[in-house]
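Spelled out, the chains give:
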2 protein chains.
Amino acid sequence: MTEFYLSKQDVEDLVIGAAILGTGGGGDPYIGKLMVLQELEKGRKIRVVGVDDVDDEAFVVPVAAMGTPVVLIEKIPSGKEALYSLKLLENYFKRKVDFISPIEAGGINSTIPLVIAAERSLPVIDADGMGRAFPELQMVTYHVYGIKASPMAISDERGNAAILDTVDNFWAEKIARVITVKFGGSAWIAIYPTFGKPYKEAAIRGSISLAIEIGRALRESKAHGENPIDALLDVTHGFMLFKGKIVDIQRFNIGGFARGEATIEGLDEHKGSKLVIRFQNENLVAIRDGEIMASVPDLITVLDSESGKPITTERLRYGLRVIVIGIPCNEKWRTPKGLETVGPKYFGYDIDYVPIEVRMRKGDQL
Amino acid sequence: MTEFYLSKQDVEDLVIGAAILGTGGGGDPYIGKLMVLQELEKGRKIRVVGVDDVDDEAFVVPVAAMGTPVVLIEKIPSGKEALYSLKLLENYFKRKVDFISPIEAGGINSTIPLVIAAERSLPVIDADGMGRAFPELQMVTYHVYGIKASPMAISDERGNAAILDTVDNFWAEKIARVITVKFGGSAWIAIYPTFGKPYKEAAIRGSISLAIEIGRALRESKAHGENPIDALLDVTHGFMLFKGKIVDIQRFNIGGFARGEATIEGLDEHKGSKLVIRFQNENLVAIRDGEIMASVPDLITVLDSESGKPITTERLRYGLRVIVIGIPCNEKWRTPKGLETVGPKYFGYDIDYVPIEVRMRKGDQL
């Protein structure tokens, strides 16, 4: 048994770690933290269990928020909104959920499953479907391993709801996305309902504990007067990509996504260089002086140089001094179906995916 | 008991009558006719029952197609597509439907309920929710009398489906509309599920038999060498509005609706005059030389001068010689809630609704 109960300190560490794994997406970690702390303060317990603790026949349902993170800042949620979608799905299946799962590691979607687990006294599985954050519903290893996104439930804070049953996961994304836009930019979903056996094969293991571990490493290194970035790279097997100052930021809210581009002018050892980061909710590709440094599905995370804290794409702003790091993605994304689902080509970049550690080794040889 | 079984001749008459009541909307009546004739040729019977034959406790569900009629011409339906939505709604309510109802009188939405009734061996009620056609889901007397549009089912021909449960009927329209657009412009719905008692209060009675009566009057007058327009005005209590030639037609497909404007240059007694008809799927307002002749909720129907056949808005084209008639709407639309729902102001025209027979009387006095 690998189960544990979340402490307040775990929650503090988790939201920092999740924001780093969130690669700029998933919304404000501060809001997510408040959601979970409220539950703990009510005396509720949040039990996290390992993937192998899930029975083959158990009914597993991931819950999440969908939409543009910037809207979630404007309409501050309590995290309980997804309860309604979960209930609709339970009614549809005429079966109670046994385990809650995260769909992604990043921002409030790391914490919503914890709130739902607390409210419903259900265990939450130490796993997710991305090992990071991604902008579309079919961009999960659940999809890669053949689990259907629908029947899924989607609801808003007014009480509007829908149960979708679509022919494939791309249709689930398309229909849920237009509904989310019509709801005002954010919605609450219960999706990829499945059973223990397929779930265990498809899930990315240890995402919650990894996020906590990352947050803890950052916190402890600071407390010990060590370099937090070194600690972060150590625990994530990541790479330092760039250090600089944001000199330009472009945004456009298209089709329910926060798309845009940030330009960073190099400082210190990167003086004279420029790094461009393109994002769609999450950071997708980092290009230094025309050369690709990292791309999806590998993780690209922007940190505040002064505080060492991760910055979500909606908080990027002119003048901010930042450090950009790259982290290798989970191996499940490096399979042919994984790359077809979330590789740079899917996002419209006509480039081949090269694992970040390979790109970095090449860089060393130059 | 006012029940009767539809004959082939009834179907021929009905689609003509329904196209006239459809005021330009509802899609091609020829497609609708083929749907129903196919059912009769398979040996199926279509039993039409009067509103008073419906038990208070009976489960009544209207079925329909939703979307831009022009798309329905491109993707020719069999009429059976709505069976899936009906089945989803039955599963949701865990109850079999007792009576099928039309939602509108016009185009293929007059015939889809007949096809579904035939396929499921269910009676169809001689009534509808408009007594004409309208472009939005809340524009039904069911809404005016407090029946909820949702839970409603919506599906496409690929097998995608959703059950919507919305806080009001405007939200049902909004969400179903974006789904319809995403489905490619047309969808199949089962909506306004209700029971006999509220249905009987809300429905517009006799819509199927009225459509048949209109079609029959046209056919018989032609056979007897009489003026079919006179026969039409007689049976509908309608008014001749204009005679002319279409000289301009503008269209724009916006938000899932076929919107546009037709300009008709007067001929014979209307020489020197111009009539402009504005439409959104259906004809909404007729303006002669700057003066309003008729507006929603009264019916404005365009007929081919030569054949005497009604012309749907998507078939309006330059050079066509047409006769425009106006027909008083059902009294349920002339209530305050009725006019709030489908009056000219709802459609963005800053004019007061004046019943067509009042406008015509004024015209006589001039």
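Residues numbered from 1 in each chain as written. Chains lettered and ligands numbered in written order. Predicted model: local features only at pLDDT ≥ 70, side-chain atom pairs only at ≥ 80, totals over all residues. Heavy atoms only, no water.

All right, on to the overall build of chain A then. Of the regular secondary structure elements, chain A holds 12 helices and 18 strands. Whereas a compact globule of 366 residues would reach a radius of gyration of roughly 21 Å, chain A reaches 19 Å, a difference of no more than 12%. The dimensions of chain A, computed from C-alpha atoms along their principal axes, are 60 × 45 × 35 Å. A total of 366 residues make up chain A; the buried ones form 63% of that total. Surface summary for chain A: the accessible area is close to 13,900 Å², and the carbon and sulfur share equals 50%. (Helix = DSSP H or I, 4+ residues; strand = E, 2+ residues; numbered from the N terminus. Rg over C-alpha atoms; globule rule 2.2 N^0.38 Å. Buried < 20%, exposed > 50% of the residue type's maximum accessible area, 1.4 Å probe, protein only. Areas by Shrake-Rupley, 256 points an atom, 1.4 Å probe, with all protein chains shown as cover.)

All right, on to the packing of aromatic side chains then. All chains considered together, the criterion is met by 20 aromatic pairs over all chains. Put simply, the rings of Phe-134, Phe-170, Trp-333, Tyr-346 and Phe-347 of chain A touch in pairs and so form one group of aromatic residues. Positioned above the aromatic ring of Phe-134 of chain A is the side chain of Arg-132 of chain A, whose terminal nitrogen or guanidinium carbon lies 3.9 Å from the ring centre. We note Lys-332 of chain B situated over the ring of Tyr-145 of chain B; from NZ or CZ to the ring centre the distance is 5.3 Å. (Phe/Tyr/Trp six-rings, centres within 6.5 Å; stacked < 30°, edge-to-face > 60°. Lys NZ or Arg CZ within 6 Å of the ring centre and 35° of its normal.)

Here the focus is the interface of chain B and chain A. In this complex, chain B contributes 20 residues to the contact, which on the side of chain A involves 20 residues. When residues of chain B are sorted by the area they lose upon contact with chain A, Asn-160, Trp-171 and Lys-182 of chain B head the list and together hold 29% of the total. Summed over the shared surface of chain B and chain A, the number is zero salt bridges. Among the elements of the structure, strand E8 (161–165) and helix H7 (169–182) of chain B are those that each provide at least two residues to the side of chain B that touches chain A. Top element by residues in the side of chain B that touches chain A is H7 of chain B. It accounts for six residues. Of the residues that constitute the side of chain B that touches chain A, the class distribution is 11 nonpolar, three polar and six charged. One ladder, built from five bridges, connects strand E8 (residues 161–165) of chain A with E8 of chain B; its direction is antiparallel. Looking across to E8 of chain B, one finds that Ala-162 of chain A is bridged to Leu-164 of chain B. (Contact = heavy atoms within 4.5 Å. Buried area = accessible area lost by both parts, 1.4 Å probe. Salt bridge = Lys/Arg side-chain N within 4 Å of Asp/Glu carboxyl O. Nonpolar A, V, L, I, M, F, W, Y, C, P; charged D, E, K, R; others polar. Pairing = 2+ DSSP bridges.)

Let's shift gears to the nonpolar core. Grouped together as the largest cluster of nonpolar side chains are 208 residues, with contacts concentrated most on Ile-154 of chain A together with Ile-154 of chain B. When near neighbours in sequence (up to four residues on either side) are disregarded, Ile-154 of chain B contacts Ser-85, Asn-160, Ala-161, Ala-162, Leu-164, Ala-176, Ile-179, Thr-180, Phe-183, Ala-187, Trp-188 and Ile-189 of chain B. (Core = buried A, V, L, I, M, F, W, Y, C linked by side-chain atoms within 4.5 Å.)

Time to look at helix H5 (residues 108–120) of chain B. All names here are of chain B. The end-to-end C-alpha separation of H5 is 18 Å, in line with the 18 Å expected for 13 residues at 1.5 Å each. Every buried residue of H5 is listed here: Ile-108, Asn-109, Ser-110, Thr-111, Ile-112, Pro-113, Leu-114, Val-115, Ile-116, Ala-117 and Ala-118. Within two residues after H5, Ser-121 carries a phi angle of roughly 50°, on the positive side. (Expected span 1.5 Å × (residues − 1).)

All names here are of chain A. Two elements in contact, helix H9 (residues 207–223) and helix H10 (residues 228–236), have axes whose closest approach is 8 Å; the angle formed by their N-to-C orientations is 155°. Viewed along their axes, H9 and H10 adopt a mutual orientation that is roughly antiparallel. Judged by the sense of rotation from one axis to the other, the crossing of H9 with H10 is right-handed. In this structure, H9 uses Leu-210, Glu-213, Ile-214, Ala-217, Leu-218, Ser-221 and Lys-222 to contact H10, whose residues at the interface are Pro-228, Ala-231, Leu-232, Val-235 and Thr-236. (Axes fitted to C-alpha atoms, helices over the stretch in contact; angles between N-to-C directions. Parallel < 35°, antiparallel > 145°, perpendicular 65-115°, else oblique. Left-handed = near helix turned anticlockwise from the far one by under 90°.)

On to the sheet that holds strand E17 (residues 299–304) of chain A. All names here are of chain A. Taken in spatial order, the seven strands make up an open sheet running E16-E15-E14-E13-E12-E18-E17, and their pairing is antiparallel. Looking at strand neighbours, the two that pair on one side only are strand E16 (291–295) and E17, the edges of this open sheet. Each strand axis lies, on average, 35° off the axis of its neighbour in the sheet, ignoring direction.

With that settled, the discussion passes to the relation of the copies chain B and chain A. You can overlay chain B on chain A at an RMSD of 0.0 Å; the transform is a turn of 180° with a shift of 0.0 Å along its axis. Those values place the two copies in the arrangement expected of a two-fold rotation axis. Considering only C-alpha atoms, the residue of chain B closest to the rotation axis is Ile-163 of chain B, which sits at 2.5 Å. When the interface residues of chain B are mapped onto chain A, 100% of them again fall at the interface, so both copies present the same face. (Least-squares fit on C-alpha atoms with pLDDT ≥ 70 in both.)

Looking now at the domain arrangement of chain A. Residues and elements named next belong to chain A. Annotation of chain A at the domain level lists domain 1 (4–207) and domain 2 (226–364). Contact with domain 1, which involves 41 residues of that partner, is made by 34 residues of domain 2. Surface buried jointly by domain 1 and domain 2 totals about 2,900 Å² across both partners, of which 64% is contributed by carbon and sulfur atoms. Linking domain 1 to domain 2 there are zero salt bridges. Applying the counting criterion to the domain 1 and domain 2 interface returns 12 residue pairs in polar contact (both at pLDDT 80 or more). At the level of elements, helix H1 (8–21), helix H3 (69–74), helix H6 (141–144), helix H7 (169–182) and helix H8 (196–202) are the ones that each hand at least two residues to the side of domain 1 that touches domain 2. Split by residue class, the side of domain 1 that touches domain 2 holds 21 nonpolar, 13 polar and seven charged. (Domains from an automatic or database assignment. Polar contact = N/O pair within 3.5 Å; in protein donor to acceptor, adjacent residues only side chain to side chain.)

Residue and element names in this part refer to chain A. Counted under the stated rule, the structure contains 44 salt bridges over all chains. Note that Glu-39 and Lys-42 form a salt bridge whose closest N and O atoms lie 3.3 Å from each other. The buried category is assigned to Glu-39, whose relative accessible area is 1%. Taking the relative accessible area as the measure of exposure, Lys-42 reaches 45% and is therefore partly exposed. For Arg-334, the salt bridge identified is with Glu-331, shortest N-O distance 3.6 Å. Classification of Arg-334 by relative accessible area gives buried; the value is 16%. Take Glu-331: its relative accessible area is 55%, and that puts it in the exposed class. What you see here is one network of salt bridges that share partners, running through Glu-39, Lys-42, Arg-44, Lys-80 and Glu-119.

Residue and element names in this part refer to chain B. Counting buried residues in helix H10 (residues 228–236) gives seven out of nine residues, a clear majority hidden from the surface. Of all the positions in H10, only Pro-228, Ile-229, Ala-231, Leu-232, Leu-233, Val-235 and Thr-236 are classed as buried. Summarising the contacts, the buried residues of H10 are in contact with helix H1 (8–21), helix H9 (207–223), strand E12 (239–254), strand E17 (299–304) and strand E18 (321–327). Looking at where H10 begins, the residue whose side-chain oxygen comes 2.9 Å from the main-chain nitrogen of Ile-229 is Asn-227. The positive-phi residue at the C-terminal boundary of H10 is His-237, with phi of around 55°.

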